[in-house]
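Inside the fold
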Amino acid sequence: MNAVFDPQALSSFLEEGKKEIEAAGSSQELEAVRSKYFGSQGLFSLASKSIGALQKGERKEAGEFFGKCKKEFDSAFLKRKERVEEEEEKAKLEGEKVDMTLPFTRFPMGSLHPVTLASRQIESFFTSLGWSLGEGPEVEHAWYNFDALNFPPDHPARQMQDTFYMLPEESRLVLRTQTSSTQVREMLSKPLPLYAASIGRVFRSDPLDAFHSPVFHQCEGLAVDRGLSVSDLKGVLGSLASRLFKEAEIRLRPSYFPFTEPSFEMDMLLGGKGGKWVELAGAGMVHPNVLKSAGIDPEKYTGFAFGVGIERVAMLKYGIKDMHDLVEGDERFSRQFAMGE
Ligand code: PHE
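Keep in mind that this is a model prediction, so the values were computed, not measured. (Residues numbered from 1 in each chain as written. Predicted model: local features only at pLDDT ≥ 70, side-chain atom pairs only at ≥ 80, totals over all residues. Heavy atoms only, no water.)

1. Re helix α1 (residues 7-23)
Convention followed: Helix and strand labels come from DSSP, where a helix needs a run of H or I of at least four residues and a strand needs a run of E of at least two; each type is numbered from the N terminus. Expected helix span is given by 1.5 Å per residue-to-residue step, counting one fewer step than there are residues. For every residue, the accessible area obtained with a 1.4 Å probe (protein chains only) is divided by the maximum for its type, and the residue is called buried under 20%, exposed over 50%, and partly exposed between those limits. Taken from the helix axis, the directions to the C-beta atoms give the arc we talk about. The criterion used for residue contact is that any of the two residues' heavy atoms lie within 4.5 Å.
For α1, built from 17 residues, the straight-helix expectation of 24 Å at 1.5 Å per residue is met to within 8% by its first-to-last C-alpha distance of 24 Å. Within α1 the residues assigned to the buried category are Leu 10, Leu 14, Gly 17 and Ile 21. All buried residues of α1 lie within an arc of 65° about the axis, which places them on one face of the element. Of the residues in α1, the exposed ones pointing more than 90 degrees away from the buried face are Gln 8, Lys 19 and Ala 23. Contacts from the buried residues of α1 go to α2 (27-38), α3 (43-48) and α4 (56-95).

This is the structure:
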């Protein structure tokens, strides 16, 4: 545009500009109109340069004319801007609107079964001691479940644990009656010294009642090293009990298992002084014959072992009164334990 001051042209720019302002549907469009007319390269800005070329007397008038145009433009602009912003805000809120009456779509947090919770706590106790975790098969050869554990053939001790035998009989396979079946496996597969725990399912042909289940879980602890004694066993059992039940006091009572000598039942004083003694584990020093089954010289090495019933731990820990609750798998029962501690 050449620098000629032309009020008529400017007036029609102004009218056009005001129409464009009215037509602008967004802040962005409005801003574009402003820059078209009053931006640094805008029509009015360029035209204002012509003022300099005017006669002195005409400059004032021209200046005032520009001022009037700008004022009119600005007021139309601001008015429209307010409206546009209001509409934009409204549209934004509309977009963020949440329908509180819609059905719930998130899945509620799951919960762990108390047997899983107790198993995990026991596992973490052993790994924190630096013990390794192992496992063995549930369908086990009678040799690992009985023979290698110093149960003589036809010894009444085999009937102590009501065994499920697999067919055919010659297979000599059983559903393992105890996680002690992992002892000799561990000794044969891992180097000495050995500190290992295993947790798993065991099976006995007991009917389901408030205290027994034909399928339950045990944790087996086994240590084989030079110079281990009953005091080491007692130390580990004591710290396991205090990890699981906080301030538990323990005692060992004489007992009998074919695979340990001497053998004990371990009791724990639940609830501290004034509480009651509850039986928690079978335990003992690994019988020399068991070490020999795994090719370990009992003159050089001694070991201790213990077996803890996981259901028992869970029942004592969470005050569960009836085994049925643990095995029935009613999700409402597990839900109260959430994710544990
Ligand atoms: N296996 C034994 C049981 O099921 C427990 C036990 C384990 C005892 C290890 C001594 C040593 O009763």
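2. What about the packing of aromatic side chains?
Stated formally: Ring geometry is summarised as follows: Phe, Tyr and Trp rings, the Trp one being its six-membered ring, pair when their centres sit within 6.5 Å, and such pairs are stacked at plane angles under 30 degrees, edge-to-face over 60 and tilted between the two.
By the definition in use, this model includes 20 aromatic pairs. Ring geometry for Trp 131 against Tyr 195: centres 5.6 Å apart, planes inclined by 65°, an arrangement best described as edge-to-face. Of this pair, Trp 131 sits in the loop between α5 (114-129) and β1 (132-134) while Tyr 195 sits in strand β5 (residues 194-203), placing them 64 residues apart in sequence. One aromatic cluster is present, built from ring pairs that chain together Phe 13, Tyr 37, Phe 38, Phe 44, Phe 66, Phe 73 and Phe 77.

3. Structural notes on the site of the ligand
So the rule is basically this: Proximity is defined per residue: any heavy atom of the residue falling within 4 Å of a molecule or strand makes that residue near it. Counting of polar contacts relies on pairs of N or O atoms within 3.5 Å, with two restrictions inside protein: one atom must be capable of donating a hydrogen and the other of accepting it, and residues adjacent in sequence are counted only when both atoms are side-chain atoms. Only the protein chains shown count as cover for residues, and all accessible areas are computed by the Shrake-Rupley method using a 1.4 Å probe. Both cavities and pockets are sets of points on a 1 Å grid over the protein atoms alone; in a cavity a 1.4 Å probe fits but cannot get out, in a pocket the set is open with protein on both sides within 12 Å along at least five of seven lines, and lining residues sit with an atom within 4 Å of a point. A molecule is said to be in a cavity or pocket once over half of its atoms fall within 2 Å of that pocket's grid points. Throughout, the ten residues Ala, Val, Leu, Ile, Met, Phe, Trp, Tyr, Cys and Pro are labelled nonpolar, Asp, Glu, Lys and Arg are labelled charged, and all others, Gly among them, are labelled polar.
Close contacts around the ligand come from 15 residues, with Gln 178, Ser 180, Arg 204, Gln 218 and Gly 307 the closest. Here Gln 178 contributes a side-chain N or O atom positioned 2.8 Å from a nitrogen atom of the ligand. The side chain of Ser 180 places a nitrogen or oxygen atom 2.9 Å from a nitrogen atom of the ligand. When the ligand sits alone it has 330 Å² of accessible area, and the protein chains cover 92% of it. A molecule is said to occupy a pocket when more than half its atoms come within 2 Å of that pocket's grid points, and by this definition the ligand occupies the largest pocket. Mapped onto the shell around the ligand, the elements with two or more residues apiece are β6 (215-225), β9 (276-286) and β10 (302-309). Taken together, the residues that form the shell around the ligand break down as 5 nonpolar, 8 polar and 2 charged.

4. Quick look at unusual backbone geometry
Here the residue pair Leu 192 and Pro 193 is connected by a cis peptide bond, since its omega of -5° sits within 30 degrees of zero. When you line up the elements, Pro 193 lands in the loop between α8 (181-189) and β5. Residue Glu 261 is joined to Pro 262 through a cis peptide bond whose omega torsion reads -5°. Relative to the assigned elements, Pro 262 resides in strand β8 (residues 260-270). You will see that Asn 150, though not glycine, has its phi angle at about 70°, which is positive.

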